[in-house]
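Letter by letter, the chains look like this.
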Amino acid sequence: MTTNINRIKHTLTIVFLLLIVIVLGFTGILNINSFQQNYTESFVSSYAVVGREIVRKIEYAEKYGKPLDNFLGIEEILEEVQTELPEIDNVYIVLRDGSYIYDLNGSVRDQKLAYEITVAPEFDANSNDSYQMVLENKKYHLMIPIKDKEGYCIGNMDLVFDKKVVDLAIKDYIRSLMKSLIILAGVSSLILILFNNLVSITTKEGKVNRKGFLAIILILLGMVQIIYGFINYSVLRNAYVDIATENTNTVSRIIQHDIGSVIDKGVPYSKFYNME
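Engineer: Kindly report on the overall build of the protein chain, identifying the contributing residues and their values.
Structural biologist: On a plain count of helices and strands, the protein chain comes out with four helices and six strands. The N-to-C order of helical and strand elements in the protein chain reads α-α-β-β-β-β-β-β-α-α. Every one of the 276 residues in the protein chain was classed for burial, and the buried ones make up 39%. Within the protein chain, contacts between residues at least 6 apart in sequence are counted, and of these 63% link residues at least 24 apart.

And the structure:
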């Protein structure tokens with residue numbers, strides 16, 4: 001009888017361990033994939049913050065008569081993007097018809113480009129999109145619309161950077177999630193083994209107490225899911241805070257640089273126009 005009960009306990013222990021591995025593995029894959037997607041969107045949006053500030057300068061110049069297709073000194077403006085984002089490969093100005101006309105070195109008309117995408121995003125006057133993203137050949141293309149004074153899209157800025165940039169930025173967060181998952185699985189398995197040895201889930205006749213068996217499964221797996229969900233939320237929150245902090249610092253540097261350049265030309269604060 002005792003041998004039979006021990007055999008049942010060992011079998012149940014193995015079943016429990018398999019359930020923990022399957023549930024945690026499935027949950028971990030879903031959470032990590034979701035985290036990667038959300039983090040990538042947040043990471044790209046941080047690049048869009050920088051690109052959008054530069055686009056404002058182009059739109060301001062276009063508003064006062066400087067045409068986008070004949071924009072002298074555009075490379076100097078685009079260099080500001082690379083100064084803030086040294087990880088990018090290049091910055092292009094693309095006309096509405098998809099023609100690439102400028103990059104960091106100046107005009108690229110009629111040149112064969114290494115990073116030109118096959119399908120360019122489209123922005124219309126009613127679009128609320130501040131940017132669109134395309135992943136092609138392991139390169140991200142962050143497209144930011146450039147609009148005229150009437151609000152119509154006349155082109156866009158294409159920031160090109162390698163997928164490895166995002167993968168490298170997210171690596172530590174994924175490692176933290178994986179480490180937490182492994183620790184949680186180990187602790188859960190230990191608790192399960194101790195619980196199975198200390199508490200009987202068999203009847204006097206040596207049969208499995210199904211209600212007790214299901215109760216243990218639900219309680220343990222529920223606790224594991226809740227704990228890992230909290231860990232995933234904490235890691236994601238920290239990642240968002242880091243990105244938001246970096247965005248704030250970046251925009252502050254850009255504004256400080258713009259104000260400083262005007263002051264260096266002898267314009268006092270009291271004479272600033274459109275300071276808002």
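Engineer: Could you give me a rundown of the nonpolar core, with the residues and numbers involved?
Structural biologist: In terms of nonpolar packing, the biggest core is built from 57 residues, with F35, I58, V81, I93, M157 and F161 touching the most fellow members. Of all the secondary-structure elements, those providing two or more residues to this core are α1 (2-63), α2 (74-84), β1 (90-95), β2 (100-103), β5 (139-147), β6 (153-162), α3 (163-198) and α4 (210-264). Sorting elements by how many residues they give to this core places α1 first, with 16 residues. Judged by nonpolar contacts, the second largest core, of six residues, contains Y92, V94, Y100 and V108.

Engineer: Go over a nonpolar patch on the surface, please, and point to the residues and values.
Structural biologist: A grouping of I14, L18 and I22 is seen on the molecular surface, where their side chains present a nonpolar patch of about 310 Å² in accessible area. Relative to the helices and strands, I22 is located in helix α1. Given the relative accessible area of 56%, I22 is considered exposed.

Engineer: Just give me the short version of the packing of aromatic side chains, but keep the residues and values in it.
Structural biologist: Applying the stated criterion across every chain, the model contains seven aromatic pairs. For the ring pair Y92 and Y100, a centre distance of 5.2 Å and an interplane angle of 75° mean the geometry is edge-to-face. Members of the aromatic cluster, connected to one another through ring pairs, are Y39, F43, Y47, Y140, F161 and Y173. One residue, R109, lies across the ring of Y102, its end atom 6.0 Å from the ring centre.

Engineer: So, α2: which residues are in play, and what are the values?
Structural biologist: Within α2 the residues assigned to the buried category are I74, I77, L78, V81 and E84. Each buried residue of α2 lies within a common arc of 115° when the element is viewed along its axis, so the set occupies one face. Facing away from the buried surface of α2 by more than 90 degrees, the exposed residues are E76 and T83.

Engineer: Could you give me a rundown of the pairing of β5, with the residues and numbers involved?
Structural biologist: Most of β5 sits out of view: eight of its nine residues are buried. Sheet topology places strand β4 (residues 132-136) next to β5; five bridges connect them, and they run antiparallel. In the strand pairing of β5, Q132 is matched with M143. Linking β4 to β5, which pair antiparallel, is a turn of two residues; within it N137 sits at a positive phi near 55°.

Engineer: Please give an account of the environment of N90 that cites residues and values.
Structural biologist: Tracing the sequence through the fold places N90 in strand β1. Residue class for N90 comes out buried when judged on its relative accessible area of 10%. On a C-alpha basis, the gap between N90 and L78 in space is 9.1 Å, while along the polypeptide they are 12 residues apart. Only 3.3 Å separates the side chain of N90 from the backbone nitrogen of L104, close enough to count as a polar contact.

Engineer: Can you lay out the pattern of salt bridges for me, pointing to particular residues and giving the numbers?
Structural biologist: Counted under the stated rule, the structure contains seven salt bridges. Note that R56 is salt-bridged to E53, the shortest N-O span being 3.6 Å. Remark: E53 and R56 occur in helix α1; sequence separation between them is three residues, near one turn of the helix. Given the relative accessible area of 46%, R56 is considered partly exposed. Between D167 and K163 there is a salt bridge, with its nearest N and O atoms 3.2 Å apart. Of the two residues, D167 and K163 both sit in helix α3, four residues apart, roughly one turn of that helix. A relative accessible area of 28% means that K163 is categorised as partly exposed. One connected set of salt bridges, linked through shared partners, spans D89, K139 and D162.

Conventions we followed
What you see as residue numbers is a count from 1 along each chain, following the sequence as written. Where totals are concerned, whole chains, interfaces and linings use all residues; where local detail is concerned, this predicted model gives features only for residues with pLDDT of at least 70, and gives and counts side-chain atom pairs only at 80 or more. Side-chain numbers here rest on the full set of heavy atoms in the structure, without hydrogens or water. Numbering goes from the N terminus for both helices and strands, where a helix is a DSSP run of H or I of at least four residues and a strand is a run of E of at least two. The cut-offs for exposure are 20% and 50% of the maximum accessible area for each residue type, with area from a 1.4 Å probe on protein chains only; residues under the lower value are buried, those over the upper are exposed, and the others partly exposed. We call two residues in contact whenever any of their non-hydrogen atoms come within 4.5 Å of each other. Definition of nonpolar core: a set of buried residues of the types Ala, Val, Leu, Ile, Met, Phe, Trp, Tyr and Cys, connected through side-chain atoms within 4.5 Å. Patch membership requires over 30% relative accessible area and the absence of a salt bridge. Like charges are linked within 9 Å, and nonpolar side chains (Val, Leu, Ile, Met, Phe, Trp, Tyr) within 5 Å. Throughout, the Shrake-Rupley method with a 1.4 Å probe supplies accessible areas, and for residues the shown protein chains are the sole cover considered. Between Lys or Arg on one side and Asp or Glu on the other, a salt bridge is scored when a side-chain nitrogen of the former is within 4 Å of a carboxyl oxygen of the latter. Pairing of aromatic side chains here covers Phe, Tyr and the six-membered ring of Trp, requires ring centres within 6.5 Å, and sorts the geometry by plane angle: under 30 degrees stacked, over 60 edge-to-face, intermediate tilted. Criterion for a charge above a ring: Lys NZ or Arg CZ within 6 Å of the ring centre, and within 35 degrees of the ring normal. The directions from the helix axis to the C-beta atoms form the arc being described. The pairing criterion for strands is at least two bridges between them, as found by DSSP. Under this definition, polar contacts are N or O atom pairs within 3.5 Å; protein pairs additionally need one hydrogen-donor-capable and one acceptor-capable atom, and for neighbouring residues in sequence, both atoms have to be side-chain atoms.

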